[in-house]
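# Structural characterization, general
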Amino acid sequence: MLQISGWQLRLPSNLTRFVLLALLSVGLMLLDARGHHLQKIRSGLTVLFVPIQILAAIPVRVGGWLMDLTRTDTSLREEAERLRAEQPILHARLQKVEAIEAENAHLRQLLGTSALIAERAVVAELLEVASEPYRHTVVIAKGAKDGLYLGQPVIDTYGIRGQISEVGILQSTAILITDPGHAIPVQVNRNGLRAIAFGTGTLDSVSIRHLTASADIKLGDLLVSSGIGGGFPFGYPVAKVKKILNDPNEPFLDISATPVAQLSYNKEVLLIWPAKSVMPAVTKKAADIKKPAAARDGGSAKREAVPTGTNAGAGFPLTQKNPAERKKPVEVSKPAATSPPTEAPNPAIAVPAKPAEGAVQ
Amino acid sequence: MKLGHNTHGRLIIAASFLVALVLSILPWPVWTEQFRPDWVALVLIYWCMALPTRVGVGTAWSVGLMLDVLYGSMLGENALAKSLIAFLAVHFHLQLRMFPRWQQAVVVLLLVAANNLLVLWIKHLAGQAPATWGYLTPGIVSMLLWPWLFVILRDIRRHGNVN
């Protein structure tokens with residue numbers, strides 16, 4: 001109780017305070033979830049809390065350092081031996097990949113579509129900090145100053161891990177593909193069947209929904225990113241199908257897949273900057289996408305000219321603007337022919353919104 | 001003199017919450033993740049029970065907001081859940097003090113479960129509900145830890161002369 005010149009000012013009761021603060025919380029949540037008005041405040045606050053995160057990361061750092069100290073000479077030598085043996089194999093594979101890439105680029109040129117351009121990648125360290133219960137996020141020791149952006153794909157040497165969901169100045173947060181708020185557009189590597197892989201909240205599985213019993217998907221199928229939505233580049237491994245349950249009472253198959261990326265290991269990750277040509281397709285309107293490539297202005301004329309013209313002009317013609325713009329129409333109209341009717345335009349259009357949603361939550 | 005004493009106590013309380021926050025994001029092997037006790041809730045319940053005039057809904061809200069920032073969850077999510085815990089703990093602090101230790105532990109389980117359920121509801125509304133039943137395990141682990149934590153915090157309070 002406060003007494004100010006005869007007036008009695010009672011401090012609000014416990015219940016009143018709780019109700020007021022609850023309302024304030026709800027307001028904050030609405031602002032945060034709906035409009036993302038708090039992005040600035042949040043990144044400011046995040047900087048304030050960096051010391052706590054560093055404090056929490058110390059035990060693992062020290063542990064790793066001690067492990068390094070106690071590692072014996074022989075084990076190091078063995079590892080070096082193994083790496084040395086691995087290197088020529090990887091190099092040999094890389095040679096083949098380069099040849100295939102060139103061939104692929106040439107074929108795409110013939111088709112009048114643009115190929116994927118080599119992406120820029122940067123290795124980033126993970127800060128050893130646990131995530132919120134039920135969520136799967138990791139803190140990456142790189143931030144806006146390194147050029148990171150919201151929705152940037154995060155991969156490791158095996159496949160896609162997730163995407164950047166929050167960019168701070170010094171460090172950022174990435175949401176993993178298994179987070180319950182995440183979804184990634186994928187396709188079956190074998191036949192190009194499109195689907196969306198949703199996070200489940202368990203680190204060893206993502207679930208594929210909305211595929212009917214007639215869908216051509218088998219155990220062990222590799223799911224790769226389909227590139228629809230523009231967030232993730234095309235063709236990176238995402239998960240392997242591990243279980244398909246066909247319950248006749250359910251309209252869709254119950255499919256779960258194991259992520260191929262090593263999600264539970266605290267190691268380095270790779271941040272990639274996908275080629276610019278993939279991005280514009282996102283902002284294209286659905287009507288624009290559905291329009292046949294040939295009908296677009298100058299499209300038909302260019303198509304005839306492409307094979308000879310660009311091949312003669314440049315050794316690496318993929319960076320050209322025009323083929324890049326034409327890439328999506330051809331790609332998107334394809335699934336209608338190859339995939340079952342359940343995969344009608346709906347998912348293809350619905351997909352782009354999903355990864356973005358995952359990114360902001 | 002009075003003020004000095006006050007700030008001293010405030011520092012001790014703040015330090016205990018800081019430790020709880022660090023423990024909340026301290027990395028453990030992945031499989032133990034679902035057994036992580038709700039450190040912040042434990043410390044909060046203790047202070048609300050012991051010193052309801054100093055630590056209450058307001059403190060809980062601020063600490064919850066810090067947790068939101070650290071976790072990267074929606075701002076206000078943990079703040080709301082923690083203020084609920086504090087509200088209940090302060091409201092029933094007289095009864096809680098009378099309870100034997102094991103009965104207090106059961107109340108801790110209920111409070112943490114309520115906290116997690118609320119967080120789960122909020123997540124569900126936001127469309128990020130996990131497909132697990134893991135939200136009860138933190139409550140059980142918190143319950144088991146309560147007797148020990150109670151003794152530690154009580155000793156800290158007495159030793160630091162926080163009242």
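Everything in this summary refers to the structure shown in the same document. (Residues numbered from 1 in each chain as written. Chains lettered and ligands numbered in written order. Predicted model: local features only at pLDDT ≥ 70, side-chain atom pairs only at ≥ 80, totals over all residues.)

### A look at the nonpolar core
Put simply, the rule is: Each nonpolar core consists of buried Ala, Val, Leu, Ile, Met, Phe, Trp, Tyr and Cys residues. Their C-beta atoms, within 7 Å, join them into a set. Put simply, a residue is buried when 20 or more other C-beta atoms lie within 10 Å of its own C-beta and exposed when 12 or fewer do; between those, it is partly exposed, and each C-beta is set from the backbone. Secondary structure follows DSSP: runs of H or I at least 4 residues long count as helices, runs of E at least 2 residues long count as strands, and numbering of each begins at the N terminus. Here, residues touch in the contact sense if the C-beta positions derived from the backbone fall within 7 Å of one another.
Core analysis: the largest hydrophobic core is formed by 102 residues, its most contacted members being Ala-197 and Val-238 of chain A together with Val-43, Leu-44, Ile-45, Ile-85 and Ala-89 of chain B. It is helix α2 (residues 39–50) of chain B that contributes the most residues to this core, twelve residues altogether. Setting aside anything within four residues of it in sequence, one finds Ala-197 of chain A in contact with Ile-177, Ala-183, Ile-184, Val-186, Val-206, Ile-208, Leu-223, Val-238, Ala-239 and Ala-257 of chain A.

### Considering unusual backbone geometry
Positive phi outside glycine occurs at His-210 of chain A, with the angle close to 60°. Note on placement: His-210 of chain A falls in the loop between β11 (206–209) and β12 (222–225). For His-210 of chain A, a count of 17 C-beta atoms within 10 Å translates into the label partly exposed. The phi dihedral of Asn-161 of chain B is positive, around 55°, even though this residue is not glycine. The topology assignment puts Asn-161 of chain B in the segment after α7 (137–159).

### A look at the sheet that holds strand β13 (residues 237–245) of chain A
Residue and element names in this part refer to chain A. Using the following cut-off: Here, any two strands with at least 2 DSSP bridges between them count as paired. A fitted line through C-alpha atoms represents every axis, and for helices the fit uses only the stretch in contact; the resulting angles, taken between N-to-C directions, go from 0 to 180 degrees.
Overall, antiparallel pairing links the six strands, which are arranged β9-β10-β11-β14-β13-β12 in a closed barrel. In this sheet, neighbouring strand axes are inclined to one another by 40° on average, regardless of whether the strands run parallel or antiparallel. Sheet topology note: the β11/strand β14 (residues 254–259) ladder contains three bridges and is antiparallel. Note that in β14 the partner of Ser-207 across the bridge is Ser-256.

### Quick notes on the interface of chain B and chain A
By convention, interface size is frequently given as the accessible area that disappears when the constituent parts associate. We count it as follows: Under the grouping applied here, Gly and all other residues not named as nonpolar or charged are polar, the nonpolar ones being Ala, Val, Leu, Ile, Met, Phe, Trp, Tyr, Cys and Pro and the charged ones Asp, Glu, Lys and Arg.
Facing 39 residues of chain B, the contacting portion of chain A comprises 41 residues. Those elements that place two or more of their residues in the side of chain B that touches chain A are α1 (2–25), α3 (57–71), α4 (77–91) and α6 (101–125) of chain B. Broken down by class, the residue content of the side of chain B that touches chain A amounts to 25 nonpolar, ten polar and four charged.

### Describing the pairing of strand β15 (residues 269–273) of chain A
Residues and elements named next belong to chain A. For strand β3 (residues 120–124) and β15, the ladder comprises five bridges, and the chain directions are antiparallel. From the neighbouring strand, Arg-120 faces β15, where its bridge partner is Trp-273. Pairing of strand β6 (residues 153–155) with β15, which is carried by two bridges, proceeds in the antiparallel orientation. Its bridge partner being in β15, Val-154 is matched across the sheet by Leu-271.

### Side note on the environment of Glu-33 of chain B
Mapped onto the secondary structure, Glu-33 of chain B falls in the loop between α1 and α2. In this structure the C-alpha to C-alpha distance between Glu-33 of chain B and Thr-137 of chain B, which are 104 residues apart in sequence, comes to 9.9 Å. Among all residues touching Glu-33 of chain B, those that are not within four sequence positions of it are Ala-130 of chain A together with Trp-28 of chain B.

### Overview of the sheet that holds strand β4 (residues 126–127) of chain A
The strands making up a sheet associate through hydrogen bonds between their backbones, and the pairing can be parallel or antiparallel. Residue and element names in this part refer to chain A. Pairing is antiparallel in the open sheet, where seven strands are placed in the order β3-β15-β6-β7-β8-β5-β4. Strand pairing shows two members of the sheet lacking a second neighbour, β3 and β4, which therefore form its edges. Where β4 meets strand β5 (residues 137–140), two bridges bridge the pair, whose relative direction is antiparallel. Of the residues in β5, the one forming a bridge with Leu-127 is Val-139.

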